[in-house]
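# Structural overview for review
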Amino acid sequence: MNHSDLHDREHEHLGASTDVPLPRGGHRHARHRRPGLLADPASLSPRLRRRRAYTLVALTLLLPGSAQLVAGRRRWGRAGLRVWAALWVVAVLSAVTVWVRRSFVLGLFSRTWTLWVLAALLAVAAVAWALTFVDAVRLSRLSTLPRATRRGVVVAAVVGIVVTSGPLGWGASALYTGGAVLGQVFHADVSRQPVKGRLNVLLLGGDSGADRMGTRPDTIILASVDAATGKVVTFGFARDTENITFRSGSVMARLMPQGWNCGDECLLNGLYTWAGEHRDQFPSEVDDPGAWATKEAVEALSGVDIQYYALIDLQGFTTMIDAVGGLDMIVKNSTPIGGGSSPVRGYIQPGRHHFDGFHALWYARSREGSTNYDRMARQRCVLQAAMKQVDPQTVVTRFRDLAAAGEKVLHTDIPQADLGGLADLSLRGRAFPITGINFVPPLIKPWDYDPGVIRDTVSSTLAASEADPGAAVPSSAAGRVGPRPPSSTESGPAAAGGASSGAAPGGVRRPGGSGQDEGSQGGGQASSGGDRTPASTVTDGSDVCVVP
């Protein structure tokens, strides 16, 4: 055994310290400790110096600050370990709080200032961890190492910085972007409480583009959420609904005492454009007159109070779907891609699909060979898929993309203060199927209907949902729940409530004004001279798709 091997064995325990007796006169049990060999590599063999250098980098990767501690820089090492331990304590406490009070945590993390504080902390942590690696390299005494070892230690430190500080820096950037988007999208400051145990949100979809003043929402859905269970019931309103009389005391009742009832030129989706053109007649605190007018119209139709609205730009919707990784759906009918003023470029065939944003949008909005009511059913399918399949893990892993898409896609009056509660309700509601009604023939004819039928149907549907929260609301026979008085023009099977009665009551109507929109993908406005050919069997979406 040569001298080098004896030297290696003598210092086998790298972190050990050597006890040296105190000078004569000192207490017998008192000892003076000199630093361990990791702190003083001068006496180590080349092989142990190499091991020491890699060990310092490895310790920094596992426990930032531990390399400094064992290498003699105890003050900095302890500080680093304490910060690391504090982060783990915060993480564990957050996890426990999520389990106990999820809505509180969700509400806290849906505030701009919270995200920005977290972004700052992550940025500081990223820089500090990177500097810790740099210091570990310095402590390894590169000048005492062979050239190959020096390169290996530097490469190991760079890899450590990439796998630690890199994700922290990305997270800081994503949180900062998310905080900025939250401030721009959810800037309202009026928080509204549920009414009769329900939180009602009006969902509007249209092609807003750079100027939303001319937008006519193509999709109008009232989502009513049980504030206790999170179960969602949706009500779809045809864009060509006419003859709307507003609630007494509302802004629109003041502006239109006789109602929105000028025939085929006064459709439900046209209110958005009208209100935008008469912005000066609305209260100064109304940020979006078009959404406000549409909300008051749906309140009058449904008989329920609507707390919030959310306007989704369907052109930007493609970005949102791509950001969450797409949607899974089972399509039952062939759906054209294109049509109207553009050529048909293909078809979405029946079967199981994983839709990207482009195909999800075309499936929801395709007009070729279909009616407004077909599209309403398909749009409900896409909405249900998004609500069911976008989980918290997806939001976290794709947060930056979602934040960037949200600014382009969403306009709403939901305040940040209510986001936590809404997110918690959404998570609870995932345990239930989304049920709903579309107010189309044969349930009603949007151009000639009894308003009481709509209000009675909404009331009875919500009552049925609350009576048995675990069960789906029956959606057969046009999704009708409860009594439905037939209108004066109905007869035959439709008057009896048959959903599969073939032609809709009243047959085909060809009004001179705006009706069925057979236009191209863009625009969102109703074309004139179209056919209102009702689809009597697609009111709830079950006949056009299945959401797995």
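Residues numbered from 1 in each chain as written. Predicted model: local features only at pLDDT ≥ 70, side-chain atom pairs only at ≥ 80, totals over all residues. Heavy atoms only, no water.

### Quick notes on unusual backbone geometry
The omega angle of the peptide bond from P441 to P442 is 5 degrees, so this bond is cis rather than trans. Summarising the element assignment, P442 is placed in the loop between β12 (435-439) and α17 (451-467). Residue R141 is not a glycine yet carries a positive backbone phi of 55 degrees. Here R141 is to be found in the loop between α6 (112-139) and α7 (147-185). A positive phi is found at N243, a non-glycine position, where the angle reads about 55 degrees. By the element assignment, N243 lies in the loop between β5 (232-237) and α8 (251-255). Overall, the relative accessible area of 35% leaves N243 in the partly exposed class. (Helix = DSSP H or I, 4+ residues; strand = E, 2+ residues; numbered from the N terminus. Buried < 20%, exposed > 50% of the residue type's maximum accessible area, 1.4 Å probe, protein only.)

### So, the packing of aromatic side chains
This structure, assessed with the given rule, holds 7 aromatic pairs. Judged by centre distance (5.1 Å) and plane angle (65 degrees), the rings of W84 and W129 are edge-to-face. Of the two residues, W84 is situated in helix α4 (residues 74-100) and W129 in helix α6; the sequence distance between them amounts to 45 residues. On the accessibility criterion, W129 (12% relative accessible area) is buried. Connected via pairs of aromatic rings, a cluster forms that spans W84, W88 and W129. Sitting over the face of the ring of Y363, R378 holds its NZ or CZ atom 5.9 Å from the ring centroid. (Phe/Tyr/Trp six-rings, centres within 6.5 Å; stacked < 30°, edge-to-face > 60°. Lys NZ or Arg CZ within 6 Å of the ring centre and 35° of its normal.)

### Observations regarding the nonpolar core
Within the largest apolar cluster, 40 residues are counted, with the highest numbers of intra-cluster contacts made by F235, F237, M252, F282 and F439. Counting residues per element, this core draws most heavily on helix α10 (residues 289-302), at 5 residues. Beyond its immediate chain neighbours, meaning those up to four positions away, M252 contacts F246, L271, W274, F282, A293 and E296. Core analysis: the second largest hydrophobic core is formed by 22 residues, F186, L199, L419 and I434 among them. (Core = buried A, V, L, I, M, F, W, Y, C linked by side-chain atoms within 4.5 Å. Contact = heavy atoms within 4.5 Å.)

### What about the confidence of the model for the protein chain?
Across the protein chain, the average pLDDT comes to 77, with 75% of residues at or above 70. Taken together, the stretch residues 209-214 has pLDDT below 50 and engages in 10 contacts with residues farther than four places along the chain or on a different chain. The model gives residues 472-540 a pLDDT under 50, and that stretch makes 178 contacts with residues more than four places away or in other chains. (pLDDT = per-residue confidence, 0-100.)

### Some thoughts on the pattern of salt bridges
Applying the stated criterion across every chain yields a total of 9 salt bridges. Across the salt bridge formed by D135 and R73, the nearest N and O atoms sit 2.8 Å from each other. Of the two residues, D135 sits in helix α6 while R73 sits in the loop between α3 (66-70) and α4, which places them 62 residues apart along the sequence. Two residues, D413 and K295, come together in a salt bridge whose shortest N-O distance is 3.2 Å. (Salt bridge = Lys/Arg side-chain N within 4 Å of Asp/Glu carboxyl O.)

### Describing the packing of helix α9 (residues 270-277) against α10
Axis separation between α9 and α10 bottoms out at 7 Å; the angle between their running directions is 135 degrees. Considered as vectors, α9 and α10 are oriented oblique to each other. Crossing angle aside, the handedness with which α9 passes α10 is right-handed. Contact residues: L271, Y272 and A275 in α9; P289, G290, A291, A293, T294 and A297 in α10. Tallied by class, residues from the contact of α9 with α10 come to 7 nonpolar, 2 polar and no charged. (Axes fitted to C-alpha atoms, helices over the stretch in contact; angles between N-to-C directions. Parallel < 35°, antiparallel > 145°, perpendicular 65-115°, else oblique. Left-handed = near helix turned anticlockwise from the far one by under 90°. Nonpolar A, V, L, I, M, F, W, Y, C, P; charged D, E, K, R; others polar.)

### Brief notes about the sheet that holds strand β13 (residues 545-546)
Within the open sheet, the 3 strands sit side by side as β10-β7-β13. Their pairing is antiparallel. Edge strands, defined here as strands with exactly one partner in the open sheet, are β10 (351-355) and β13. Direction of pairing for strand β7 (residues 327-331) relative to β10: antiparallel, over a ladder of 5 bridges. Residue pairing in the sheet places M329 in a bridge with H353 of β10. Along the sheet face, helix α12 (residues 357-365) touches β7, β10 and β13 and points at about 125 degrees away from the line of β10. (Pairing = 2+ DSSP bridges.)

### Focus on empty space enclosed by the protein
Here the structure, examined in full by the defined rule, presents 4 cavities of 30 Å³ or more. One number sums up the size of the largest cavity: a volume of about 60 Å³. Looking at the largest cavity, the residues that line it are D218, T219, I220, I221, G236, F237, R239, M376, Q379, R380 and N438. Listing elements by their share of the lining of the largest cavity, those giving two or more residues are β4 (219-226), β5 and α13 (372-389). Counted by class, the lining of the largest cavity contains 4 nonpolar, 4 polar and 3 charged residues. (1 Å grid on protein atoms, 1.4 Å probe; cavity = no way out; pocket = protein on both sides within 12 Å on 5 of 7 lines; lining within 4 Å. Points joined across faces, edges and corners; volume = space filled by probe spheres on them.)

### A short note on the environment of E368
Looking at the element boundaries, E368 is found in the loop between α12 and α13. When the C-alpha positions of E368 and G339 are compared, they lie 5.1 Å apart, and in sequence the two are 29 residues distant.

### Describing the layout of surface pockets
Approximately 320 Å³ is the volume attributed to the second largest pocket. Around the second largest pocket sit 16 residues that line it, and R192, E285, V286, D287 and D413 are the ones nearest its centre. For the lining of the second largest pocket, the leading source of residues is α10, giving 3 residues. When grouped by side-chain class, the residues that make up the lining of the second largest pocket number 7 nonpolar, 2 polar and 7 charged.

### A short note on the sheet that holds strand β3 (residues 198-206)
In a beta sheet, neighbouring strands pair by backbone hydrogen bonds and run either parallel or antiparallel. As summarised here, the arrangement of the 6 strands in space is β11-β6-β3-β4-β5-β12, forming an open sheet in which the pairing is mixed. Each edge of the open sheet carries a strand with a single partner, namely β11 (410-412) and β12. Each adjacent strand pair in this sheet contributes to an overall mean axis angle of 20 degrees, direction not counted. Across 5 bridges, the pairing between β5 and β12 is parallel. Across the sheet, residue F235 finds its bridge partner in β12, namely I437.

### With respect to the packing of helix α2 (residues 46-62) against α6
One can describe the packing of α2 onto α6 by two numbers: an axis separation of 9 Å at closest approach and a directional angle of 165 degrees. Classed by the angle they form, the pair α2 and α6 counts as roughly antiparallel. Where α2 crosses over α6, the handedness of that crossing is right-handed. On the side of α2, the interface is formed by R52, L56, V57, T60 and L61, while α6 contributes W129, T132, F133, A136 and L139. Considered class by class, the residues forming the contact of α2 with α6 number 7 nonpolar, 2 polar and 1 charged.

### Focus: the state of the cysteines
Scanning all chains against the criterion turns up 1 disulfide. Disulfide partner of C262: C266, at an S-S distance of 1.4 Å. On the sign convention where negative means left-handed, the S-S torsion of about 90 degrees between C262 and C266 marks this disulfide as right-handed. By relative accessible area, which is 48% here, C262 ends up partly exposed. (Disulfide = S-S within 2.5 Å.)

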